[in-house]
Amino acid sequence: MSQAPVVRLQNVSKRIGSRTIIDRLTLEVNPGEVFGFLGPNGSGKTTTIRMMVGLITMSGGDISIAGHSVKSAFPQAVSHVGAIVENPEMYKFLTGYQNLVHFARMNRGITKQRIDEVIELVGLQGRIHDKVKKYSLGMRQRLGVAQAILHRPSLLILDEPTNGLDPAGIRELRDYLRRLSREEGTAVFVSSHLLSEMELMCDRVAIIQKGQLIDIRSLRGETAETSQAMEEVLFEVDHPDAAIGVLEGRGAANVVEGGFTVTADRETIADLNRRLVMAGVRVYAIRTKIKSLEDQFLEVTGGETVG
């Protein structure tokens, strides 16, 4: 599988009159990656997605998908895209299977075997021959994903895919998206306001605010891989004040309820633990303090709400 980015946004801008909606946005999404797109209300998330799928034009910059420019080679670029913007559209008086067959006829090379594959991938085997009007919202979302990936797109774009889903439906969708990225190598670009779900679903997230990229955060796999990585660590001890005295000169420590926190690398953490034990301080637990995605989001956006 090629490891070249599936999607490249390079200095993408969108202006309406004198107002700048998107300001020189640059980011990349890799094969097999679930990439989250976060931002407060009005930050430009949906505008960016609409430019990616050609619903609105860019004022500057370019977007390439599977090596094809959305500006100069749109048919080639969009042929690599599957997308659900807002709610998936389908014929409710037909069965789920009939909807997939109908969509398959609009794309070359989609076989019955491929239809069966995507049905299994999204877990609709037991209900695929029921009429869509009998489907729950979660089942319709799963059928929408199946429809969007029938032609084996390199990129799946989902704008607020969890809207209206109950907790079970959200979990099912999350599991299917991660399975899709893992088994088919599809890059999934997903916008959502549910930070807790994005944290469970995504490999990386980009945060935008007022049309500008604020940060890109890795949520798994790439951070703190070496023993030299600095981490904020909580030591739970019986006498925090005595512990601070033992550690004097070994880095700044802050007393908290039940212990203290210190920022250090792995070797230093082990050394601090040894010093505490030798000084007779009982150490009950040592654990890394990890900021939630919500904490990180509020930190970089200054407290603006996501939407």
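Residues numbered from 1 in each chain as written. Predicted model: local features only at pLDDT ≥ 70, side-chain atom pairs only at ≥ 80, totals over all residues. Heavy atoms only, no water.

So, on to the sheet that holds strand β11 (residues 231-237). Across the sheet, which stays open at both edges, the four strands sit in the order β12-β13-β11-β14 with antiparallel pairing between neighbours. Strands at the two margins of the open sheet, each flanked by one partner only, are β12 (253-256) and β14 (283-288). On average, adjacent strands in this sheet sit at an angle of 25° to one another, irrespective of strand direction. In the sheet, β11 pairs with β14 via five bridges, with the strands oriented antiparallel. (Pairing = 2+ DSSP bridges. Helix = DSSP H or I, 4+ residues; strand = E, 2+ residues; numbered from the N terminus. Axes fitted to C-alpha atoms, helices over the stretch in contact; angles between N-to-C directions.)

Another point: the side chain of Ser64. Relative to the assigned elements, Ser64 resides in strand β4 (residues 60-65). Residues contacting Ser64, with those up to four places away along its chain left out, are Val6, Val7, Arg8 and Ser69. (Contact = heavy atoms within 4.5 Å.)

On to the packing of aromatic side chains, then. The description of an aromatic ring pair uses the distance of the two centres, along with the angle that the planes make with each other. Within the structure shown, the criterion is met by four aromatic pairs. Here the aromatic rings of Phe35 and Phe189 are separated by 5.8 Å at their centres, their planes lie at 15°, and the arrangement is stacked. Residue Phe35 is located in strand β3 (residues 34-38), and its partner Phe189 is located in strand β8 (residues 187-191); the two are separated by 154 residues in the primary sequence. Here the two residues Phe35 and Phe189 agree in accessibility, since each one is buried. Judged by centre distance (4.9 Å) and plane angle (5°), the rings of Phe235 and Phe260 are stacked. Highlighted residues: Phe235 in strand β11 and Phe260 in strand β13 (residues 259-264), separated in sequence by 25 residues. (Phe/Tyr/Trp six-rings, centres within 6.5 Å; stacked < 30°, edge-to-face > 60°. Buried < 20%, exposed > 50% of the residue type's maximum accessible area, 1.4 Å probe, protein only.)

Okay, the layout of surface pockets next. Empty space left among the atoms is revealed by rolling a probe the size of a water molecule over them. Computed from the structure, the second largest pocket encloses a volume of approximately 410 Å³. Put simply, the parts of the chain that give the lining of the second largest pocket at least two residues each are β6 (81-85) and α5 (137-149). When residues of the lining of the second largest pocket are assigned to their parent elements, the largest contribution, five residues, is made by β6. Taken together, the residues of the lining of the second largest pocket break down into 10 nonpolar, six polar and one charged. (1 Å grid on protein atoms, 1.4 Å probe; cavity = no way out; pocket = protein on both sides within 12 Å on 5 of 7 lines; lining within 4 Å. Points joined across faces, edges and corners; volume = space filled by probe spheres on them. Nonpolar A, V, L, I, M, F, W, Y, C, P; charged D, E, K, R; others polar.)

Relative to the helices and strands, Tyr176 is located in helix α6 (residues 167-184). Overall, Tyr176 belongs to the buried group, its relative accessible area being 18%. Remark: the alpha-carbon pair of Tyr176 and Arg142, spanning 34 residues in sequence, is separated by 8.2 Å. Those residues within four positions of Tyr176 in sequence are excluded, and the remaining contacts are Leu121, Val122, Gly123 and Arg142.

Of note, the phi angle at Arg24 is positive, near 50°, even though the residue is not glycine. On the basis of relative accessible area, Arg24 is assigned to the exposed category, the value being 55%. The backbone phi angle of Glu160 is positive, close to 50°, even though this residue is not glycine. Residue placement: Glu160 occurs in the loop between β7 (155-159) and α6. Using a relative accessible area of 14% as the deciding quantity, one classes Glu160 as buried.

Let us look at the confidence of the model for the protein. Across the protein, pLDDT averages 84, with 88% of residues at or above 70. Helix α10 (residues 293-301) is the least confidently modelled element of the protein, averaging 60 in pLDDT, while β4 averages 96, the highest of any element. Low pLDDT, under 50, characterises residues 222-228; the stretch is placed with seven contacts to residues that sit more than four places away or in other chains. (pLDDT = per-residue confidence, 0-100.)

This part covers the packing of helix α3 (residues 96-104) against helix α4 (residues 112-121). The interhelical angle for the contact between α3 and α4, taken along N-to-C directions, is 130°, at an axis separation of 11 Å. Our classification of the angle between α3 and α4 gives oblique. The element α3 and its partner α4 pack so that their crossing is right-handed. Along the contact surface, α3 presents Tyr97, Leu100, Val101 and Ala104, while α4 presents Lys112, Ile115, Asp116, Val118 and Ile119. Considered class by class, the residues forming the contact of α3 with α4 number seven nonpolar, no polar and two charged. (Parallel < 35°, antiparallel > 145°, perpendicular 65-115°, else oblique. Left-handed = near helix turned anticlockwise from the far one by under 90°.)

One pass over the structure, following the stated rule, counts 15 salt bridges. The partner of Asp23 in a salt bridge is Arg24, with the nearest N and O atoms 3.0 Å apart. The residue Asp116 makes a salt bridge to Lys112 at a minimum N-O spacing of 3.0 Å. Placement of both Asp116 and Lys112 in helix α4 is noted, with a separation of four residues, approximately one turn of the helix. (Salt bridge = Lys/Arg side-chain N within 4 Å of Asp/Glu carboxyl O.)

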